[in-house]
Protein chains: 2
Amino acid sequence: MSFIEGGVCAPKGFQASGVMCGIRPNPVKNDLAVVASDEPCTCAGVFTKNVVKAAPVLLDMETVKLGKARAIIANSGIANACAEDCEVNARKMQQLGAGALGLSSDEVLVCSTGIIGQRLNIEAVEEGLPGAVEKLSHSPEGSASAAEAIMTTDTVRKEQATEVLIGGVPVRIGAIVKGSGMIHPNMGTMLCFATTDCAISREMLDSALRKACNISFNRISVDGDMSTNDTFLILANGMAGNPVIKEEGEDYDRFVAALQSVSCDLARRMAADGEGAKHLMTCTVTGAASEEDAEILAKSVISSSLTKAAIFGNDANWGRVLAAMGYSGVQFDPDGVDISFRSVGGEILVCQKGHGLEFDEELASAILTQDEVEILCEMTEGDGEATCWGCDLTYDYVKINGDYRS
Amino acid sequence: MSFIEGGVCAPKGFQASGVMCGIRPNPVKNDLAVVASDEPCTCAGVFTKNVVKAAPVLLDMETVKLGKARAIIANSGIANACAEDCEVNARKMQQLGAGALGLSSDEVLVCSTGIIGQRLNIEAVEEGLPGAVEKLSHSPEGSASAAEAIMTTDTVRKEQATEVLIGGVPVRIGAIVKGSGMIHPNMGTMLCFATTDCAISREMLDSALRKACNISFNRISVDGDMSTNDTFLILANGMAGNPVIKEEGEDYDRFVAALQSVSCDLARRMAADGEGAKHLMTCTVTGAASEEDAEILAKSVISSSLTKAAIFGNDANWGRVLAAMGYSGVQFDPDGVDISFRSVGGEILVCQKGHGLEFDEELASAILTQDEVEILCEMTEGDGEATCWGCDLTYDYVKINGDYRS
């Protein structure tokens, strides 16, 4: 599937903006984002499974049930979790958004990301919101400024969009995403806001969102820490004019494939921009007993601190890969596992049938010094396969997280 | 319980030694250890749950079933896992040990720790073993040289011993341990060899070992990576002359308490000597619904990369503690959680009933700059409590593990 420009503003009838409202003292970048549809929408959401949920997550879970949200207000800097007045402030932010956009409160979703346990400066949101609404734009710049506004320790803005024919009609899907630390399967601190002009029922939208989330954001890990704020939202305004997707079938499959392609691309880029990351680390397991097993095994590899440190050191230490598979909880025959490393620098088999091979250390080093490194684990248990994405563990991860609050 | 000198040589009738046999090129320290009893023993063992098990682990699992081992031969440098001839070399090492000590093969346990996937230099073991046997000593120096021989990235030698009255007779328990990286509950790369002159049946010894392991080594984590080689062995030669412990009761309880006190002390020191660690990080959860819940919660906190990085940065970032509890898998009411930090520098409450408090940052910093930091999580679910031990995540962890093989 090919991608197009415009992020969340690529689909018809969506506007976005980002402004600097001063959530935290000495702001240096946009910290308040708005995404809004010109027309009513259906919506769906997937949220963190952490028992400790941020106030906006709890509020959005209720709002999404009503299924008619058409705008998202989001701030970075403060997570609005476990803090004074967090429930009150989440509701206030929803009401302020509704007022500024001329919508009812249950048409507005709210998200926060940043430090846990500190009070959200709702006064800054109140002051900044009119400017953000005024700045709303259908242009790619609108999506870009919103994408910037939700970044925390992210080093690059992350947007993506695609177009797919549904019932012969071009339908677009766009998304912006943030996430760099506290990222782990079952939704990492990540926010993903997707928009589409597809005409689709709430039930089918919800189902498509879950399918896309399962093979994208639920297959990445930066540090194994699951956040209190993770949220993946989608708004669908139907403005493409395609025949409404109301049930499974070819149209639904095409929509799911397009949404998966956007979300996998963003998940991959989120892992590559993991806090302090120097390498994107992809692990593909094939020949597992089932897709579920393959996913558990690949996740265990990309989550292993020792494997992550080895990749940082350009070290073909495949023993750590096999050990991580071994403690994943999946039963398998270690003597049936082949392990290779691959990148644009080449490919090298380092372990065959569970035993180490003599290999060319120079070639291995040439492969591992590349920015994107793949770990390929071929098993002989069945035909289950899955790919997960992570990043290396670096000095900078420790530096960033040893001193995040200050 | 008070401790005594002598490590594995503290109990009557045990000798130990360590020599440098040259398992790896350019050896710089002892790398081959022997622990042996003058008299026949009962024995018990607990092993890694990793699906990928090193060859000596698989062999010891068989040998322990026979229950009459009285010596341990261990090398550091190479894990003898997933490598050419690993099964053959484990068995060869057992036979060489038996030959050198004048025992039968099934009286000898073998252990290896180090790099996975490289061939064990069994020729070096063969050459070094006679010298190691000749050097065997009942003195504390014997235990110390064996403790040094099993170290890999450990920075300090770890031994402990205690004495307890059983049936009015003084009984001793001693142990040496290694472990610094690839350490995670359900047995980290750790080896623990314990000796005792207690007269105790095999069944009771096995049960005591499991109880001690569960509240000590299974409650620590350095990096979340479970090794292929973890082994906790105990040899009991009965030379103290106490009435044989054959069933549960006061004598058994006293023995278990003594073994737990030695193993908890060593587990704590293993965490403190975690790869690159600057802080020992202890998390105690009280008021959980059960002891099991408390353990899962405390383990999740000490395993969290973000919490570990915050402790490295002397940062009272309790939000990460609460988030780690939240994703542990245990259900609880976040609004019933109080969190404090404590050390010799003082104690400070930073989160009350799930919400952040304003707190004295200077006092917090004075507390967190100490070498040993406790995180106290008080809940309102029940009376379950547990303590787990970990360490901070530092630049040096990344450095050590980015370049371990070279």
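In what follows, the accompanying structure is described.

Procedures and definitions
Residues numbered from 1 in each chain as written. Chains lettered and ligands numbered in written order. Predicted model: local features only at pLDDT ≥ 70, side-chain atom pairs only at ≥ 80, totals over all residues. Heavy atoms only, no water. Helix = DSSP H or I, 4+ residues; strand = E, 2+ residues; numbered from the N terminus. Buried < 20%, exposed > 50% of the residue type's maximum accessible area, 1.4 Å probe, protein only. Lys, Arg positive; Asp, Glu negative; His and termini not counted. Salt bridge = Lys/Arg side-chain N within 4 Å of Asp/Glu carboxyl O. Contact = heavy atoms within 4.5 Å. Pairing = 2+ DSSP bridges. Axes fitted to C-alpha atoms, helices over the stretch in contact; angles between N-to-C directions. Arc of directions from axis to C-beta. Polar contact = N/O pair within 3.5 Å; in protein donor to acceptor, adjacent residues only side chain to side chain. Least-squares fit on C-alpha atoms with pLDDT ≥ 70 in both. Expected span 1.5 Å × (residues − 1). Buried area = accessible area lost by both parts, 1.4 Å probe. Phe/Tyr/Trp six-rings, centres within 6.5 Å; stacked < 30°, edge-to-face > 60°. Patch = residues over 30% accessible without salt bridge, like charges linked within 9 Å, V, L, I, M, F, W, Y side chains within 5 Å. Areas by Shrake-Rupley, 256 points an atom, 1.4 Å probe, with all protein chains shown as cover. Charge placed at Lys NZ, Arg CZ, Asp CG, Glu CD. Parallel < 35°, antiparallel > 145°, perpendicular 65-115°, else oblique. Left-handed = near helix turned anticlockwise from the far one by under 90°. Nonpolar A, V, L, I, M, F, W, Y, C, P; charged D, E, K, R; others polar.

A word on the side chain of Asp293 of chain A. All names here are of chain A. One can find Asp293 in helix H7 (residues 291-303). Buried within the structure, Asp293 lacks any salt-bridge partner; Arg219 is the closest side chain of opposite charge, at an N-O distance of 11 Å. With near-sequence residues (within four places) excluded, Asp293 lies in contact with Ala288 and Val330.

Moving on to the sheet that holds strand S1 (residues 14-19) of chain B. Residues and elements named next belong to chain B. If you trace the four strands from one edge of the open sheet to the other, you get S1-S2-S4-S5, paired in mixed fashion. Each edge of the open sheet is held by one strand with a lone partner, namely S1 and strand S5 (108-115). Taking the axes of each pair of neighbouring strands and ignoring which way they run, one obtains an average angle of 10° across the sheet. By the bridge criterion, five bridges tie strand S2 (residues 32-37) to strand S4 (residues 71-78) in an arrangement that is antiparallel. Bridging across to S4, Leu32 finds its partner in Asn75. Against the sheet, helix H2 (residues 86-101) engages S2, S4 and S5, with an angle of about 130° to S5.

Now for helix H10 (residues 361-368) of chain A. An α-helical segment advances 3.6 residues per turn. Residues three or four places apart therefore align on the same side. All names here are of chain A. Within the span of H10, buried status applies to Ala364, Ile367 and Leu368. In a view along the axis of H10, the buried residues occupy a sector of 90°, so they form one face of it. The inward-facing, buried residues of H10 contact helix H8 (305-312), strand S12 (338-343), strand S13 (346-352) and strand S15 (372-378). The N-terminus of H10 is capped by Asp360, whose side-chain oxygen sits 2.9 Å from the backbone nitrogen of Glu362.

The next thing to look at is the pairing of S1 of chain B. The side chains of a regular strand alternate, first on one face of the sheet and then on the other. All names here are of chain B. Counting buried positions over the six residues of S1 gives six, a clear majority of the element. Neither face of S1 is left uncovered, since the one carrying Phe14, Ala16 and Gly18 and the one carrying Gln15, Ser17 and Val19 both have all their residues buried. As defined by bridge partners, S1 adjoins S2 across six bridges and the pair is classed as antiparallel. What sits directly across from Phe14, in S2, is Ser37.

In screw terms, the move from chain B to chain A is a rotation of 180° and a rise of 0.0 Å along the axis, fitting with an RMSD of 0.0 Å. The two molecules are tied by a two-fold rotation axis, judged by turn and shift. In terms of proximity to the rotation axis, the leading residue of chain B is Tyr395 of chain B, whose C-alpha is 2.5 Å off the axis. Residue by residue, 100% of the interface of chain B is reproduced at the interface of chain A, so both copies engage with the same surface.

Residues and elements named next belong to chain A. Strand order in the open sheet formed by five strands is S3-S10-S8-S7-S6, with mixed pairing between adjacent strands. Edge strands, defined here as strands with exactly one partner in the open sheet, are strand S3 (42-47) and strand S6 (158-166). Each adjacent strand pair in this sheet contributes to an overall mean axis angle of 15°, direction not counted. Two strands pair when backbone bridges link them, and S6 and strand S7 (residues 169-178) are joined in this way by nine bridges, in the antiparallel orientation.

Below, the discussion takes up helix H1 (residues 55-66) of chain B. All names here are of chain B. Along its 12 residues, H1 runs 18 Å from first to last C-alpha, staying within 8% of the 16 Å computed at 1.5 Å per residue. Those residues of H1 that sit buried are Ala55, Pro56, Val57, Leu59, Asp60, Thr63 and Val64. Looking at the packing, one finds that the buried side of H1 touches strand S3 (42-47), H2, S5, helix H5 (202-214) and strand S10 (231-236). Phi turns positive, to about 75°, at Gly67, one or two residues after H1.

For the rest of this paragraph, the subject is the interface of chain B and chain A. Residue-level contacts link 53 residues of chain B with 53 residues of chain A. At the boundary of chain B with chain A, total buried surface from both sides reaches about 4200 Å², with 59% on carbon and sulfur atoms. In this structure, the connection of chain B to chain A is made through zero salt bridges. On inspection of chain B and its partner chain A, the count reaches eight residue pairs in polar contact (both at pLDDT 80 or more).

Another aspect to go through is the packing of aromatic side chains. All names here are of chain A. The tally for this structure, following the rule as stated, stands at two aromatic pairs over all chains. Here Phe217 and Phe232 contribute two aromatic rings whose centre-to-centre distance is 5.2 Å and whose plane-to-plane angle is 85°, an arrangement assigned as edge-to-face. Taken together, the positions of Phe217 in the loop between helix H5 (202-214) and strand S9 (220-221) and Phe232 in strand S10 (residues 231-236) put the pair 15 residues apart, joining distant regions of the chain. The class of Phe217 is buried, set by a relative accessible area of 1%. With relative accessibility at 1%, the residue Phe232 sits in the buried group.

The next subject is the pattern of salt bridges. Under the criterion given, the structure shown has 32 salt bridges over all chains. With a shortest N-O distance of 3.1 Å, Arg342 of chain A and Glu374 of chain A are connected by a salt bridge. With a gap of 32 residues between them, Arg342 of chain A in strand S12 and Glu374 of chain A in strand S15 connect regions that are remote in the sequence. We classify Arg342 of chain A as partly exposed; its relative accessible area is 30%. In this structure, Glu123 of chain B and Arg119 of chain B form a salt bridge, with 3.2 Å as the shortest nitrogen-oxygen distance. Among the ionic contacts, a cluster of salt bridges with common partners joins Arg219, Glu291, Glu295 and Lys299 of chain A.

Below, the discussion takes up a negative patch on the surface. A grouping of Glu84, Asp85 and Glu87 of chain A together with Asp333, Asp335, Glu358 and Glu381 of chain B is seen on the molecular surface, where their side chains present a negatively charged patch. Residue position: Asp335 of chain B is located in the loop between helix H9 (318-326) and strand S12 (338-343).

Glancing now at the packing of H5 of chain B against helix H6 (residues 250-272) of chain B. All names here are of chain B. Close contact between H5 and H6 brings their axes to 9 Å; oriented N to C, the two are set at 40°. Judged on the interaxial angle alone, H6 and H5 are oblique. The two elements H5 and H6 meet at a crossing, and its hand is right-handed. Where H5 abuts H6, its residues Met204, Leu205, Ser207, Ala208, Leu209, Lys211 and Ala212 lie against Tyr252, Phe255, Val256, Leu259, Gln260 and Ser263. Residues of the contact of H5 with H6, tallied by class, amount to nine nonpolar, three polar and one charged.

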